[in-house]
Amino acid sequence: MIATKAISRRDFLKLAGASAGGLAAMAALGHGFKTLSASEARQQQEAGKRVVYTACVMCPAECGLAVEVENGVISNIYGNIHVPYNSGTVCAKGVAGLQLVYNVNRIKYPMIRVGERGEGKFKRVSWEEALDYIATKLIEIKQKYGAESVIMDCGDVTDRDPYYYLFRAFGTPHTVEHGSICDTPRRHGPKLMFGGKRIEPDIMRPVLVRQPDGSLKNDYSYRTRLIIYVGWNPFTATRINYESRGTVEARLAGARIIVIDPAFSNTATKADRWIPIRPGTDADLFAAMLRYILENHRDDDPFRRYIDWSFKEYSQGWEEFEAAFRSWWDRKDPLNGLPYFSLEWAAERTGIDAQTIAELAHTFGITKPAALVWGMNGIGHHYNGYVASILGTALNVITGNMEVPGGAIDTELVKSSKGGKASGGDFLKREVTRIVNGREVKGKIEELHMDGYGDWPAAWDDVVGDYPRRFIEGVTLRYGPFRGHRYPIKAYFIRTGNPVITGSNTQKWIEALTAKDETGNYKVELVVYIDTVFLETGLYADVVLPEASYMERMSLSDIYPVHPVLYLRDFVIRPMYESKTQYEICWALARKLHEKGDPDIQPKDFWEKYPTEEDFWNEALRVAPGRPNTGEPLPYPNLPKGYKLLGTPDSLEAGRVQIDDEKKEIRGEPLTVQWLREHHGVAVWPMSWKRFHGGGVLQTDSKKVEFVWDYTVEKDGQVQRKGRYAKYNKLIEEAGETPPGIARLGWQKYPSTFYWFETRWNPYTNPDYAKYREEYPFQVISGRIHHAMSGTQMVDWLGRLPTEDLWMPLNDERVVEEVIIGENGPTPTGRRVRIPRGTWSIGVIQMNRADGERLGLKTGDLVELETPQGFKTRGKVVLVETIRPGVLRLPFGGGGRFSPGLGKTWAFHDITPNHNALVDPENLSPIMGQPAYGDVIVKVRKIG
């Protein structure tokens, strides 16, 4: 925070909390001392013009910001030049944050439902009344059904730790985030093989690098020679901010960019080549590339030396993986009669000619350094996305492109740690007792988890897409000490998320949240919605709580940089209306639960341990950066190699450290909120490469890249089971029961190495669906627009900007009754508002022009899409040349929006397409339960 007269927030809170008649002495605000009231103290702190360093939440990128505040009001938003992740840049969404913070439709007060769920009828209540209502219901549910009957879903904002901490202390294992409604299949290969999550190209610049003379300097050079983006559009889906500018800068420095996507995306416009692939065939393409490389590699020919055999030095199991992969080569595909993974086979399935596939494989194999990168929609949203993710990971590894300068980096493995004990993980180790089949059973809280010990044991990210079924049917544990234990889901907390629109099939979520038992009561007895904006899920809540906006709260950000970077989301302005920060909400609810006698909520764990928000976030910072001193160049050459680094960058650099040889830990001075404030809001530790060598950052059992995921090793005369799938297979073997998801594949347990299965609802690759090809000729995919998932459609500036033929000013003229979110929820103002034709962008359906003309359509026509199951949605078509024939592209979260809190966007919910209205709610990907958003086929009918 920069100010002429700076006061720390802790001092400010002490002053602001003082009684009007009390003494609050402040030096340096004038000559001598002055007695200030609480309001005077706040006025002093807010007076004048200042800059606060914080982090955005207008989309999941959470870029570093520098925000100007004048007399307590935000006046300008800029990128923070000191945060290398976005390096001073800020996009249209970030600048438009002003219109979210000061939006008339933000939630202002606590409310309790007075009508039926979905009616939108609420009444304003005090925080005391709302918290008392919630605490009473929670204790009743806990006493009757157990704390495992409660879910705390934190949505997609990373500052979730206070909620994790409270609800884990309460005793539920179900403290979750958006994981499995995002892209878990996309992450599966890196998770199995590295213990990581997300592969990105090495194009974040600047990076802080140790120089030969020992100094640290920012490196702006781009070494990448080739980037292949498959189903990934970073220019619009800006979660990885640096890819937007980095892709352009890398290309200017000589890199070649290839985009493989059914649609000609913004990213494709700057590429050297666009290859329009058939949806759902990414695995087919990768398999053909890998086969081509294996068949055509020559060690003695520099023009065919695709494989860098040095990968075997830091990996294990390649021989088993390769043998399993090759075992498919002589099998014939029942759909086309061609050998699996051959060029001709892949051409038939992907719609890309065989020569192009061969050129692509050759170019990737021969060009170094290079990066093969795949996206959420392109791979993560298909039933068989796991296969594609495994193959893509293998391709990056065997070509020698992982962790080399200019190559590919698993960003999950190298970003700074945060959270630690502030995430409440220790509470999950507490022992609890349950009666199962008439006998008393003891186990840990975490062993009550509905996924890990229920239907989805391999789901390391929770299966949010399967919640509707569990809301209606309840949970049965299949594995672990509580095997056979049954319990219902009775309370659902959703914070900064909107699963009714984004969490799988919309109608299925509505049915689950409104389902009643035989007595006429809702099956899920308590639904609590916590957010700044009032989205569709809020309509189905019993209690609505106003959370402070991202400009009014504190937390930490670190979205997938290529080396440890951690920055502060600081208080910019005071919470408006009656909103509270996540810390304030959780600590207030904890006090209420304690007052009502909950034995698991103890003062020593909450207000006595962390009396201020800053204390809590300082705890979360204790584990930073938490990564080993490894790689080339070594980040800290004067400190032991391979030891875990903890502490501020300056203390590590100066050697003000304690070294624990037993723990292999280097501990410098702890990073704190105040340190971040004094350093432009950000901590940056040095970059290095080749961090996989010698164990490095890899999080696998062997500390090597693992091509096998269930294997045995002998140690001290004992045979031990290792690998990512081993613990899940042990649970299956002990129970003698196969999880339903993989049982559908014909598996008994999870395979130990390479596997293959087809995606669903694809007539071009799966024989079971070939019969639908004629009647349902279109495949449906989704694409991002310049909004925060489903959360910012009320922002006027963003409503006027078209995006990628998906968000276009095609509205008809309408006069609508204005509705705002008032004291009692959605409230008509009595004003009639005219929206002229063509002045507001709406979600539309992108269609190839030849397809549209064949159907007698023109841009702006209203059509209905229908699936074989009878799921339908409506929208206006935009006829373009920028999408593959036979494919329709819809904006994810951009249409069918029926919350009055969305202003003008709400006015057009009847003519805009909701992609998730078409999704098969039973089509959850088999290993981790990800909704298969990308596996949809439809027929098209013109309306009117």
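All figures in this text were calculated on a predicted structure; none of them were measured in a lab.

**Focus: the state of the cysteines**
One pass over the structure, following the stated rule, counts zero disulfides. In this structure Cys 586 is not part of a disulfide, and its nearest cysteine sulfur, from Cys 154, lies 7.9 Å away. Judged by its relative accessible area of 0%, Cys 586 falls in the buried class.

**Here we look at the environment of Arg 627**
As for its position among the elements, Arg 627 is in strand β26 (residues 625–628). Put simply, Arg 627 and Leu 645 are 18 residues apart on the chain and 5.6 Å apart in space, counted from C-alpha to C-alpha. When neighbours within four sequence positions are excluded, Arg 627 is seen to be in contact with Glu 412, Leu 413, Val 414, Lys 415, Ser 417, Pro 564, Tyr 643, Lys 644, Leu 645 and Gln 699. Only 3.3 Å separates the side chain of Arg 627 from the backbone oxygen of Leu 413, close enough to count as a polar contact.

**Some words on the side chain of Thr 581**
Considering the arrangement of structural elements, one finds Thr 581 in the loop between β25 (565–569) and α21 (582–595). Judged by relative accessible area, which is 0%, Thr 581 ranks as buried. When near neighbours in sequence (up to four residues on either side) are disregarded, Thr 581 contacts Ala 548, Glu 552, Arg 553, Phe 571, Pro 575 and Glu 613.

**Some points on the sheet that holds strand β4 (residues 111–113)**
An order of β5-β4-β23-β22-β21-β6-β7 is seen for the seven strands of this open sheet, with the pairing classed as mixed. Strands at the two margins of the open sheet, each flanked by one partner only, are β5 (122–124) and β7 (175–176). Helix-sheet contacts for helix α5 (residues 127–145) involve β4, β5, β6 (150–153), β21 (491–495), β22 (526–531) and β23 (543–546), and the interaxial angle to β23 is about 130°.

**Some points on the packing of aromatic side chains**
Per the counting criterion, the structure on display carries 60 aromatic pairs. Ring geometry for Tyr 165 against Phe 616: centres 6.0 Å apart, planes inclined by 85°, an arrangement best described as edge-to-face. With Tyr 165 in helix α6 (residues 161–170) and Phe 616 in helix α22 (residues 613–621), this residue pair connects regions lying 451 residues apart in the sequence. Summarising the burial analysis for this pair, Tyr 165 and Phe 616 share the class buried. The interplanar angle of 70° and the centroid separation of 5.6 Å between the aromatic rings of Phe 321 and Phe 754 together place this pair among those described as edge-to-face. With a gap of 433 residues between them, Phe 321 in helix α11 (residues 318–326) and Phe 754 in the loop between α26 (740–743) and β34 (778–783) connect regions that are remote in the sequence. Note on accessibility: Phe 321 and Phe 754 belong to one class, buried.

**Quick word on helix α15 (residues 385–398)**
Over its 14 residues, α15 extends 20 Å from the first C-alpha to the last, a length consistent with the 20 Å expected when each residue adds 1.5 Å. For α15, the buried fraction is high: 14 of the 14 residues fall into the buried class.

**Remarks on the environment of Gly 246**
Within the element layout of this structure, Gly 246 appears in helix α8 (residues 241–252). Separated by 41 residues in the primary sequence, Gly 246 and Arg 205 place their C-alpha atoms 7.0 Å from one another. Those residues within four positions of Gly 246 in sequence are excluded, and the remaining contacts are Ile 203 and Tyr 222.

**Thoughts on the pattern of salt bridges**
If you walk through the whole model with that rule in mind, you get 77 salt bridges. A salt bridge links Arg 569 to Glu 62; its shortest N-O distance comes to 2.9 Å. Of the two residues, Arg 569 sits in strand β25 while Glu 62 sits in the loop between β1 (49–55) and β2 (64–70), which places them 507 residues apart along the sequence. Of the residues examined, Arg 569 reaches a relative accessible area of 0% and is grouped as buried. Take Glu 62: its relative accessible area is 1%, and that puts it in the buried class. A salt bridge links Arg 187 to Asp 461, with the nearest nitrogen and oxygen atoms 2.7 Å apart. With Arg 187 in helix α7 (residues 184–194) and Asp 461 in the loop between α17 (451–455) and α18 (467–473), this residue pair connects regions lying 274 residues apart in the sequence. In this pair, the class of Arg 187 matches that of Asp 461, namely buried. It is possible to trace a salt-bridge network through shared partners that takes in Asp 451, Asp 455, Asp 466, Arg 469, Arg 470, Glu 473, Arg 478, Arg 483 and Glu 737.

**What about the sheet that holds strand β41 (residues 872–880)?**
Strands sit in the order β34-β42-β39-β41-β40-β43 around a closed barrel of six strands; the barrel is mixed. In this sheet, adjacent strand axes meet at a mean angle of 45° when their direction is disregarded. With five bridges connecting them, strand β40 (residues 862–866) and β41 associate as antiparallel partners. Across the sheet, the residue bridging to Glu 864 is Arg 874, located in β41.

**Focus on the side chain of Arg 814**
Among the structural elements, Arg 814 can be located in strand β36 (residues 814–822). A relative accessible area of 17% means that Arg 814 is categorised as buried. At 3.2 Å, the side chain of Arg 814 and the side chain of Asp 812 are in polar contact. Only 2.8 Å separates the side chain of Arg 814 from the backbone oxygen of Ala 907, close enough to count as a polar contact. In contact with Arg 814, not counting residues within four places along its chain, are Val 833, Arg 834, Ile 835, Ala 907, Phe 908, Asp 910 and Ile 911.

**So, the pairing of strand β15 (residues 370–374)**
The element β15 is extensively covered by neighbouring structure, given that five of its five residues are classed as buried. Every second residue of β15 is oriented toward a common face, with Ala 370, Leu 372 and Trp 374 on one face and Ala 371 and Val 373 on the other, all of them buried. For strand β11 (residues 226–230) and β15, the ladder comprises five bridges, and the chain directions are parallel. Across the sheet, Val 230 pairs through a bridge with Trp 374, a residue of β15.

**A word on the confidence of the model for the protein chain**
Summary statistics for the protein chain give a mean pLDDT of 94 and a share of 95% for residues scoring 70 or more. Here residues 1–33 scores under 50 on pLDDT; set against residues more than four positions off or in separate chains, the count is 54 contacts.

**Focus on the packing of α21 against α22**
Helices that pack against each other are described as a pair by the angle of their axes relative to one another and the distance between those axes. Direction vectors running N to C along α21 and α22 enclose 105°, while the axes themselves pass 10 Å from each other. Relative to α22, α21 is oriented roughly perpendicular. Contact residues: Gln 582, Tyr 583, Glu 584 and Trp 587 in α21; Glu 613, Phe 616 and Trp 617 in α22. A class-by-class count of the residues in the contact of α21 with α22 yields four nonpolar, one polar and two charged.

**A short note on the environment of Thr 269**
Assignment of secondary structure puts Thr 269 in helix α9 (residues 266–269). On the basis of relative accessibility, which here comes to 42%, the residue Thr 269 falls in the partly exposed class. Taking C-alpha positions, Thr 269 is 9.1 Å from Val 259, a pair spaced ten residues apart along the chain.

**Quick word on the packing of helix α10 (residues 282–296) against helix α13 (residues 354–366)**
Two numbers describe how α10 lies on α13: the axes approach to 9 Å, and their chain directions differ by 65°. Note that α10 runs across α13; the crossing there is right-handed. When α10 is examined against α13, the residues Leu 285, Ala 288, Met 289, Tyr 292 and Ile 293 are found in contact with a partner set consisting of Ile 357, Ala 358, Leu 360, Ala 361, His 362, Phe 364 and Gly 365.

Definitions and limits used
Residues numbered from 1 in each chain as written. Predicted model: local features only at pLDDT ≥ 70, side-chain atom pairs only at ≥ 80, totals over all residues. Heavy atoms only, no water. Disulfide = S-S within 2.5 Å. Buried < 20%, exposed > 50% of the residue type's maximum accessible area, 1.4 Å probe, protein only. Helix = DSSP H or I, 4+ residues; strand = E, 2+ residues; numbered from the N terminus. Contact = heavy atoms within 4.5 Å. Polar contact = N/O pair within 3.5 Å; in protein donor to acceptor, adjacent residues only side chain to side chain. Pairing = 2+ DSSP bridges. Axes fitted to C-alpha atoms, helices over the stretch in contact; angles between N-to-C directions. Phe/Tyr/Trp six-rings, centres within 6.5 Å; stacked < 30°, edge-to-face > 60°. Expected span 1.5 Å × (residues − 1). Salt bridge = Lys/Arg side-chain N within 4 Å of Asp/Glu carboxyl O. pLDDT = per-residue confidence, 0-100. Parallel < 35°, antiparallel > 145°, perpendicular 65-115°, else oblique. Nonpolar A, V, L, I, M, F, W, Y, C, P; charged D, E, K, R; others polar. Left-handed = near helix turned anticlockwise from the far one by under 90°.

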